Amino acid sequence: MSSDTLAKVPAAPRVPERADALTIVPQRRPGQWTAAVVVLVLLGLAVNSVLRNQAFQWNVVADYFTSDSVLRGLWLTLWLTAVVMVLGFALGTLLAAFRLSANPVLKAVSWGYVWLFRSIPVLVQLLLWFNIGALYPQILGVKTVNLLSPVAVAVVGLTLHEAAYAAEVVRGGMLSVDRGQIEAAQALGLSRLRRLRRIVLPQAMRSIVPPAGNMLIGTLKGTSIVSVIAVNDLLFSAQLIYHRTYQVIPLLMVATLWYTVVTSVLGVGQYYVEKHYARGTESAR
């Protein structure tokens, strides 16, 4: 090759000897920074408006936040949430087992239950149970008028309502388990109950816990609806006070803050429960 030809060949680009010698220029994102500044300014204005608005009467909120009547209402709300969730998921798990069984009658009954109780608003269900005496004055010779207290009506109505949703949550979790694991358990001769307890449920919990946690928080907030049947929960306790003092906004803020505190604690608990059942999966890293 002649010297003229060599002169025309472009020189190869110089490659740095070390990777850290490269100069990395970060990509500029002015739109993101502008949006972040706008959001922070709006958030600051909103917080400032809430704190400086005299209509909230934060001194009244502080006075009633830990009052005896409010704490009693809070305790009833927590108790009602716990009872409804335990009973609702117990009944829901049974309904899910019925739905997955080979018995067509059990499958039809489970499907019909879920369809019916998901179709009727929970407020309508509570009012129907509260007025059960008008529908059936006697059941098996027992007078139903004033048979159920408002708290009992709340437990029955909310439990039956939650069981319909819990059944679908549990059924979805069971269906998420690999069929091969169930077949392997059958090959080992494990009974149906033992397969459910040792193989299916531990793996299904990964899919059950997230929606179940959301249901728990939703149930906690949903218990406020029982105030319409005079159950002395957190919201009803706040209503009793502001009906007497006419301080509506501060007492509603008391209830709002308590709901926010409890749901935040439940959210943290849900995170750690999800992390526990996700052990060994990529999402747990």
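On a predicted model such as this, the values are computed, not experimentally measured, just so you know.

Asker: Sorry, what's going on with the packing of helix H4 (residues 68-100) against helix H8 (residues 150-175) here?
Answerer: Any two packed helices are characterised by how steeply their axes cross, that is the angle between the axes, and by the distance between the axes. In contact at an axis separation of 5 Å, H4 and H8 are set at 45 degrees when each is read in the N-to-C sense. In this view, H4 runs oblique relative to H8, as classed from their interaxial angle. For the pair H4 and H8, the sense of crossing is right-handed. Residue classes in the contact of H4 with H8 are distributed as 22 nonpolar, four polar and four charged.

Asker: Help me out: how do you make sense of the UniProt feature "transmembrane region" (unreviewed entry) in the protein in this one?
Answerer: Listed under "transmembrane region" (unreviewed entry) in the UniProt record, and renumbered for this structure, are residues 33-51, 72-95, 115-135, 147-167 and 248-273. In the segment residues 147-167, helix accounts for 86% and strand for 0%; the C-alpha atoms at its two ends are 29 Å apart. Secondary structure over residues 248-273 splits into 100% helix and 0% strand, and the C-alpha atoms at its two ends are 38 Å apart.

Asker: When you look at unusual backbone geometry in this model, what are you seeing that I'm missing?
Answerer: Glycine aside, negative phi is the norm for most residues, and most peptide bonds take the trans geometry. In this structure, Gln 57 takes a positive phi of about 50 degrees despite not being glycine. Inspection of the secondary structure assignment puts Gln 57 in the loop between helix H2 (30-52) and helix H3 (58-64). A residue is classified by how much of its surface remains accessible, and Gln 57, at 29% relative accessible area, is partly exposed. Unlike most non-glycine residues, Ala 230 shows phi in positive territory, near 65 degrees.

Asker: Mind showing me how you'd approach a nonpolar patch on the surface here?
Answerer: On the surface, a cluster of nonpolar side chains totalling about 640 Å² of accessible area is made up of Val 124, Leu 128, Leu 135, Tyr 136, Ile 139 and Leu 140. Along the polypeptide, Leu 135 turns up in helix H7 (residues 132-135).

Asker: Sorry if this is basic, but what is going on with the pattern of salt bridges here?
Answerer: A side chain with one charge may pair with a side chain of the opposite charge, provided their charged atoms come close. Applying the stated criterion across every chain yields a total of two salt bridges. With a closest N to O distance of 3.2 Å, Glu 168 and Arg 99 form a salt bridge. With a gap of 69 residues between them, Glu 168 in helix H8 and Arg 99 in helix H4 connect regions that are remote in the sequence. When the shortest N-O distance is used, the salt bridge between Glu 168 and Arg 171 registers 2.9 Å. A residue pair is termed a helical-turn pair when its members lie 3 or 4 positions apart in one helix, as Glu 168 and Arg 171 do in helix H8 at three residues. On the accessibility criterion, Glu 168 (21% relative accessible area) is partly exposed. Salt bridges sharing partners connect three or more residues here, namely Arg 99, Glu 168 and Arg 171.

Asker: Before we go on, may I ask you to explain the environment of Tyr 64 in this structure?
Answerer: Take Tyr 64: it is sitting in helix H3. Classification of Tyr 64 by relative accessible area gives partly exposed; the value is 21%. Distance in space between the C-alpha atoms of Tyr 64 and Leu 251 is 7.5 Å, their sequence separation being 187 residues. Contact partners of Tyr 64, with chain neighbours within four places excluded, come to Val 70, Ile 241, Thr 245, Gln 247, Leu 251 and Val 254.

Asker: Just to check I follow, could you spell out the packing of aromatic side chains for this structure?
Answerer: Considering all chains together, one arrives at five aromatic pairs under this definition. Each ring, one from Phe 56 and one from Trp 58, has its centre 5.4 Å from the other, and the planes form 15 degrees; the classification is stacked. The exposure class assigned to Trp 58 is partly exposed, which follows from its relative accessible area of 28%. Taken together, a centroid distance of 5.1 Å and an interplanar angle of 75 degrees make the contact between Tyr 271 and Tyr 272 edge-to-face. Accessibility expressed as a relative area gives 49% for Tyr 271, which makes it partly exposed. According to the relative accessible area criterion, Tyr 272 is exposed, its value standing at 51%.

Asker: What is the right way to look at the side chain of Ser 101 in this model?
Answerer: The residue Ser 101 is located in the loop between H4 and helix H5 (104-119) in this model. Taking the relative accessible area as the measure of exposure, Ser 101 reaches 14% and is therefore buried. A polar contact is formed between the side chain of Ser 101 and the backbone oxygen of Phe 98, at a distance of 2.7 Å. When near neighbours in sequence (up to four residues on either side) are disregarded, Ser 101 contacts Leu 106, Lys 107 and Arg 192.

Rules used in this analysis
Residues numbered from 1 in each chain as written. Predicted model: local features only at pLDDT ≥ 70, side-chain atom pairs only at ≥ 80, totals over all residues. Heavy atoms only, no water. Axes fitted to C-alpha atoms, helices over the stretch in contact; angles between N-to-C directions. Helix = DSSP H or I, 4+ residues; strand = E, 2+ residues; numbered from the N terminus. Parallel < 35°, antiparallel > 145°, perpendicular 65-115°, else oblique. Left-handed = near helix turned anticlockwise from the far one by under 90°. Nonpolar A, V, L, I, M, F, W, Y, C, P; charged D, E, K, R; others polar. UniProt positions renumbered as here; feature names shortened; annotations may be inferred. Buried < 20%, exposed > 50% of the residue type's maximum accessible area, 1.4 Å probe, protein only. Patch = residues over 30% accessible without salt bridge, like charges linked within 9 Å, V, L, I, M, F, W, Y side chains within 5 Å. Areas by Shrake-Rupley, 256 points an atom, 1.4 Å probe, with all protein chains shown as cover. Salt bridge = Lys/Arg side-chain N within 4 Å of Asp/Glu carboxyl O. Contact = heavy atoms within 4.5 Å. Phe/Tyr/Trp six-rings, centres within 6.5 Å; stacked < 30°, edge-to-face > 60°. Polar contact = N/O pair within 3.5 Å; in protein donor to acceptor, adjacent residues only side chain to side chain.

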